[in-house]
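# Descriptive analysis of the structure
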Amino acid sequence: MSRKRYFYVDIARKHPGFFRSIRWFWKPSYVGASVLVILWGQLLNLLVIGTMQAPVLAKVPENAPIVQSLPDPSQLAQQGKSLYQEEKFADAAKVWQQAAQVYQSLGDKFNQAKVLSLMSLAFQQLGQWQQGSFAIAQSLEILQNNQLQTKESKLILAQVLNTQGHLQLALGQAEQALTTWEQATATYKQVGNNAGITGSLINQVQALQYLGLYHRANETLTQLEKNLQTQPDSLLKATALRSLGNVLRVVGDLDKSQRILQQTLTLAQKLKSPEEIAASYVSLGTTAQAQHDFPSALQFYQQAQATSTSLITRIQAQLNQLDLSVETKSGSDAQVLWTQIQPEIINLPASRAAVYAQINFAQNLMQLRQSDISNAPSRTQIGQVLATAVQQARNIKDTRALAYALGYLGGLYEQTQQYSDAQDLTQQALNLAETIEASDIAYRWQWQLGRLYKAQGNVTKALANYSQAVNILQSLSSDLVAMHPDVQFSFKESVEPVYREFLELSLQQTGNQQITQENLKQARQTMESLQLAELENFFGSACLDAKVEIDRVVDRDKSAATIYAIILADRLEIIIKLPGQQELRHYTTIVDRDTVEKTILDLGEYLRDITRTFQVKKQSQKLYDWLIRPAEAELVKSDIKTLVFVLDGSLRNIPMAVLYDKEQQKYLVEKYAIALTPGLQLTNPKPLQQVKLNVLSGGVSEKRQIGNLEFPPLKNVARELEAIQSEVSKTKQLFNQTFTETNLQNQIKKVPFSVVHLATHGKFSSNPEETFILAWDRLVKVKDFVNLFRQSGSSQSNAIELLVLSACQTATGDKRAALGLAGVAVRAGARSIVATLWSVDDEFSSKFMSYFYRELKTGVTKAQALQHAQIAVLNNEKRPYFWAPYVLVGNWL
């Protein structure tokens, strides 16, 4: 097939969801370091390029020799600025390099440093990190070797520091970037440059978000908002406010984002700036879409389209409308939109934004074709759009954009089963991504190559590519996870499948080839990486401290076994680690994912209904047979007393305690103590009997109204707290009005409590904004737990041994709700957490907790104390609704 045919091939096969991931870099909801130049581009142009004074020629001494034929460097600098703003980054870098050379020959150090900094920005846009690093290092060296006494020289230093910070964050050096931007802020303050202060503060928020320092990020945002409100009205202020609104959306504060963006719109209208008005409408629409306010989002996008005088902004507004139509399955609207966009998108001048717009357009066209609407785009049309993207990326010499465009074109060939051509294009894209060290792109094409080899039956090569993709994902961590929860579909469609397909391939038995111990270890490690990636995606940051391998704890316990349950498309894979044994046990249960999910869903509904005990047994018996029965003989033979589950997907939403053995007519909790752990590692586990019980208890018994949320009274909370006090002599109690976030934080910081027990409403959800506990004065969300529960700066020696949350519940209808529970366990920094999966009658809860603390005092493990308390309740009340919701997460010792 000729190279030309690549661009006009018919696309036949369906591949749902693959192209949706391109929204990462088009819609401004994703802030990974690798794409930060897109979200911050407009503000950066104003703060660094737009406000940077035009370089001035150095005054040549009268007796200096005449230099012939030197171009005017200030004109070159201005030409580079124009090229940069047109997104012709390679050309801009080339022109600025010429300007820097001329300034060097003239001995104009400060202007040379300034232009070198701009060169670095252009190289960063191109993903050319080595060249960008070299340019910024040269710039800083020049400035450090010359006295910085004048206001102008200090301003140049601040601008160079800002550029250096962007480079550091793009390279994953978030702490260095934060320090650099703090220096930039201080320098801007010295020269009284409010625009620079604003920009560097926004930059600091990026680094703080990347590092997971949400409290400091919010403090900085608050300071930034105050600074902006006091500044006089200007286009720069409007742009900065809009950037602030976008940041607030990314960190999940949607209501505040909407408020700030509305201010931006009002200011832009006052200044009569059509482009800033249109940009504000687009940002407001994106926030409204994140809030699932689809009518408002559509209205904002339409207003942006009608207002803008810029073709690219109009097309962006139309593409967002098209995206909204696809999301809401509004076929007729989508049909009109794509036919409107197609002739306009062809006329976009070559730029990175144009390339990304075309890829985004192709992605939406694929979705429309799969929905079988009338007048759907032809496969040839989709291929032509991507062909244009490839050609434009080549024309502007944008390696990063070309790597994307070629890779997605390869994806189209994958769908037509033209594997050789697809492989060729994908390999080209991968080579380009590796050339510019763009790991976030490279993993996609490693994954795509893995799929292509798998489709052709080459399992060995497929495994190699999948392994590379997973390794890259693990190294990216913070870069890929800094997403607002509303775009977690990107994680589920563009990250999670890589792990799951690799898992399936690792555990695939072909011919006479048996699954090896190496395969099993690799599968466990891959699942561990997936669960860690889920948690980091949940928080939008790297979130785990140093850990101890769970296998070492199992071997130390000698009576505990770890059960890994993995849900694949056509089967359940069970991997078991027994104490003192190096070899892993492996069992396969043939049952498809839909059947497993339906059983779990039904069981979850029955468990929350007091009257459905028979149905609970019927459904939980299936799970027992799938998960436990195959390994039962080995567990008995090894004299196992405790089962530690590492569960996959929706299995985490149900308590393992309720699994029912029909043969012995016993629930699992009657046979084993049970614990859950988010992965293969634990936070420095210690037996509780080695720690003196010292309990901080708190709770809310009265009806509370927080915002639009109403919480009913918990009448027996006082009795529950009194029961704890009667069992544990050393306690401190916060109740109702005294149970505030501030009081709780002060008490935890003041005294090293081994147990914190909170009897209050709470909710676990796959959305961190909807995962919280209720204090008297406010909802304490999971992202704030790191500041609330970590004692003495989160020192592991002072970690809370046990956090107990009674009266909490998982969000109904949320398949990944238990992710919030795992998130609480991780974020609180406690070694263990006991919580409820649904809210129990608080009279039973107070009885249960009395049993639980009485058992803890006897010196048994936490898992055994929980088991004994559940059995005590079960002996008096057979209905699982009352005794089953309690789960232990983390250290079971």
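Residues numbered from 1 in each chain as written. Predicted model: local features only at pLDDT ≥ 70, side-chain atom pairs only at ≥ 80, totals over all residues. Heavy atoms only, no water.

### As for the overall build of the protein
We apply this condition: Each helix is a run of DSSP H or I of at least 4 residues and each strand a run of E of at least 2, with the numbering of both proceeding from the N terminus. When a residue's accessible area, from a 1.4 Å probe over protein chains only, is under 20% of the maximum for its type it is buried; when over 50% it is exposed; and in between it is partly exposed. Residue contacts are defined here by distance: any two heavy atoms, one from each residue, within 4.5 Å place the two residues in contact. All accessible areas in this document rest on Shrake-Rupley with a 1.4 Å probe, and a residue is counted as covered only by the protein chains that are shown.
Secondary structure summary: the protein contains 38 helices and 19 strands in total. Residues classed as buried in the protein amount to 61% of the 893 residues present. Put simply, 72% of the contacts in the protein that link residues at least 6 apart link residues at least 24 apart. Surface accessibility of the protein: about 33800 Å² in total, with carbon and sulfur atoms responsible for 47%.

### A closer look at the packing of helix 16 (residues 311-327) against helix 17 (residues 331-346)
How we decide: Only the stretch in contact is used when fitting a helix axis, every axis being a line fitted to C-alpha atoms; angles between N-to-C directions are given from 0 to 180 degrees. Throughout this description, any angle smaller than 35 degrees is read as roughly parallel, any larger than 145 degrees as roughly antiparallel, any in the 65 to 115 degree range as roughly perpendicular, and the remainder as oblique. The hand of a helix crossing depends on one turn: near helix anticlockwise from the far one by less than a right angle means left-handed, and clockwise means right-handed. Note on residue classes: Ala, Val, Leu, Ile, Met, Phe, Trp, Tyr, Cys and Pro are nonpolar, Asp, Glu, Lys and Arg are charged, and everything else, Gly too, is polar.
Between helix 16 and helix 17, the shortest axis-to-axis distance is 9 Å and the interhelical angle comes to 155 degrees. Taken together, helix 16 and helix 17 sit at an angle that is classed as roughly antiparallel. Relative to helix 17, helix 16 is oriented so that their crossing is left-handed. Seen from helix 16, the contacting residues are Leu311, Arg314, Ile315, Gln318, Leu319, Gln321, Leu322 and Ser325; seen from helix 17, they are Asp333, Ala334, Leu337, Trp338, Gln340, Ile341, Glu344 and Ile345. Along the lines of polarity and charge, the residues of the contact of helix 16 with helix 17 split into nine nonpolar, four polar and three charged.

### Quick word on the side chain of Gln747
Topologically, Gln747 is positioned in helix 33 (residues 741-750). Judged by relative accessible area, Gln747 falls into the buried class, the value being 13%. Contacts of Gln747, omitting those with residues within four sequence positions, involve Leu696, Lys732, Leu734 and Phe753.

### Topic: the nonpolar core
Under the convention used in this document: Residues enter a nonpolar core if they are buried and are Ala, Val, Leu, Ile, Met, Phe, Trp, Tyr or Cys, with the set joined through side-chain atoms within 4.5 Å.
Phe789, Phe852 and Trp892 are the most contacted members of the largest nonpolar core, which has 120 residues in total. It is helix 35 (residues 818-828) that provides the largest number of residues to this core, a total of seven residues. When sequence neighbours within four positions are dropped, the list of residues in contact with Phe789 reads Leu744, Ile748, Val756, Leu758, Ile773, Ile800, Leu803 and Ala828. The next biggest cluster of nonpolar side chains, apart from the first, holds 80 residues, and it includes Leu319, Phe361, Tyr413 and Leu449.

### Points about the packing of aromatic side chains
Quick note on the threshold: Ring geometry is summarised as follows: Phe, Tyr and Trp rings, the Trp one being its six-membered ring, pair when their centres sit within 6.5 Å, and such pairs are stacked at plane angles under 30 degrees, edge-to-face over 60 and tilted between the two. Definition used: whenever NZ (Lys) or CZ (Arg) falls within 6 Å of the ring centre and also within 35 degrees of the ring normal, the charge is taken to sit over that ring.
Going through the model one piece at a time under the given rule, you end up with 15 aromatic pairs. An aromatic cluster is defined as three or more aromatic residues linked by ring pairs; in this entry it consists of Tyr356, Tyr404, Tyr408 and Trp445. Its end group placed over the ring of Trp776, Arg704 keeps NZ or CZ at 3.7 Å from the ring centre. Lying over the aromatic face of Phe844, Lys847 brings its terminal NZ or CZ to 5.6 Å of the ring centre.

### Quick notes on the environment of Tyr301
Structurally, the position occupied by Tyr301 is in helix 15 (residues 294-307). When the C-alpha positions of Tyr301 and Tyr281 are compared, they lie 6.3 Å apart, and in sequence the two are 20 residues distant. Among all residues touching Tyr301, those that are not within four sequence positions of it are Val282, Gly285, Thr286, Gln289, Ala317, Asn320, Gln321 and Leu324.

### Side note on the pairing of strand 19 (residues 886-890)
What counts is decided by this rule: Two strands qualify as a pair provided that DSSP identifies no fewer than 2 bridges between them.
Judged by how many residues are buried, strand 19 sits mostly within the fold: five of five residues are covered. Pairing of strand 18 (residues 832-836) with strand 19 involves five bridges; the strand directions are antiparallel. Counted as the bridge partner of Ser832 is Gly890 from strand 19.

### Here's the deal with helix 6 (residues 109-125)
Stated precisely, the cut-off is as follows: Helix span, as expected, comes to 1.5 Å for every residue beyond the first.
Between the first and last C-alpha of helix 6 there are 25 Å, a value that for 17 residues agrees with the 24 Å anticipated at 1.5 Å per step. By the criterion of burial, helix 6 is predominantly enclosed, with 15 of the 17 residues buried. Where helix 6 ends, the next residue or the one after it, Gly127, has phi of about 75 degrees, a positive value.

### What about the side chain of Thr399?
Examined against the element boundaries, Thr399 turns out to sit in helix 20 (residues 399-415). Apart from the residues within four sequence positions on either side, Thr399 is in contact with Leu432 and Ile436.

### Notes on the pattern of salt bridges
Note that side chains of opposite charge can pair when their charged atoms are close. Going by this rule: Definition used for salt bridges: Asp or Glu carboxyl oxygen within 4 Å of a side-chain nitrogen of Lys or Arg.
A full pass over the atoms with the stated rule returns 34 salt bridges. With a shortest N-O distance of 3.0 Å, Lys671 and Glu632 are connected by a salt bridge. Highlighted residues: Lys671 in the loop between strand 7 (666-667) and strand 8 (673-676) and Glu632 in helix 31 (residues 632-637), separated in sequence by 39 residues. Glu632 shares its class with Lys671; the two are buried. Note that Asp784 and Arg778 form a salt bridge whose closest N and O atoms lie 3.6 Å from each other.

### Observations concerning the packing of helix 7 (residues 129-144) against helix 8 (residues 151-170)
Relative to each other, helix 7 and helix 8 sit at 150 degrees, their axes nearing to 10 Å. As judged from the angle between their axes, helix 7 and helix 8 are roughly antiparallel. The handedness of the crossing between helix 7 and helix 8 comes out as left-handed. Between helix 7 and helix 8, the contacting residues are Trp129, Gly132, Ser133, Ile136, Ser139, Leu140 and Leu143 on the first element and Ile156, Leu157, Val160, Leu161, Thr163, Gln164, Leu167 and Ala170 on the second.

### Quick word on the pairing of strand 3 (residues 572-577)
Of all the six residues making up strand 3, six are buried; the element is thus mostly covered by neighbouring parts of the structure. The alternating pattern of strand 3 places Leu572, Ile574 and Ile576 on one face and Glu573, Ile575 and Lys577 on the opposite face, and all of these are buried. As paired elements, strand 2 (residues 560-567) and strand 3 share six bridges and run antiparallel to each other. Among the inter-strand pairings, Ile563 is bridged to a residue of strand 3, identified as Ile576. What sits between the antiparallel neighbours strand 2 and strand 3 is a turn of four residues. Bridging between strand 3 and strand 4 (residues 585-589) involves five bridges; their strand directions are antiparallel. In the sheet register, Leu572 faces strand 4, and the bridge partner there is Thr589.

### Side note on helix 12 (residues 235-250)
Between its terminal C-alpha atoms helix 12 stretches 23 Å, which fits the 22 Å expected from 16 residues at 1.5 Å a residue. Most of helix 12 is tucked away: 15 of the 16 residues are buried.

### Brief notes about the confidence of the model for the protein
As a reminder of what qualifies: Values of pLDDT, which run from 0 to 100, indicate the predictor's confidence residue by residue.
Residue-level pLDDT values for the protein average 82, and 86% of them are 70 or greater. pLDDT under 50 marks residues 480-489. Its contacts with residues more than four places away, or in other chains, come to 39 contacts. Counted against residues more than four places away or in other chains, residues 792-797, with its pLDDT under 50, gives four contacts.

### Comments concerning unusual backbone geometry
One non-glycine residue, Lys272, lies in positive phi territory at about 55 degrees. Along the polypeptide, Lys272 turns up in the loop between helix 13 (254-271) and helix 14 (274-290). Despite not being glycine, Ala807 shows a phi value in the positive range, around 75 degrees. Position of Ala807 relative to the elements: it lies in strand 17 (residues 802-810).

### Topic: the environment of Leu298
Inspection of the secondary structure puts Leu298 in helix 15. When the C-alpha positions of Leu298 and Gln318 are compared, they lie 9.7 Å apart, and in sequence the two are 20 residues distant. Apart from the residues lying within four places of it in its own chain, the contact partners of Leu298 are Gln321 and Leu324.

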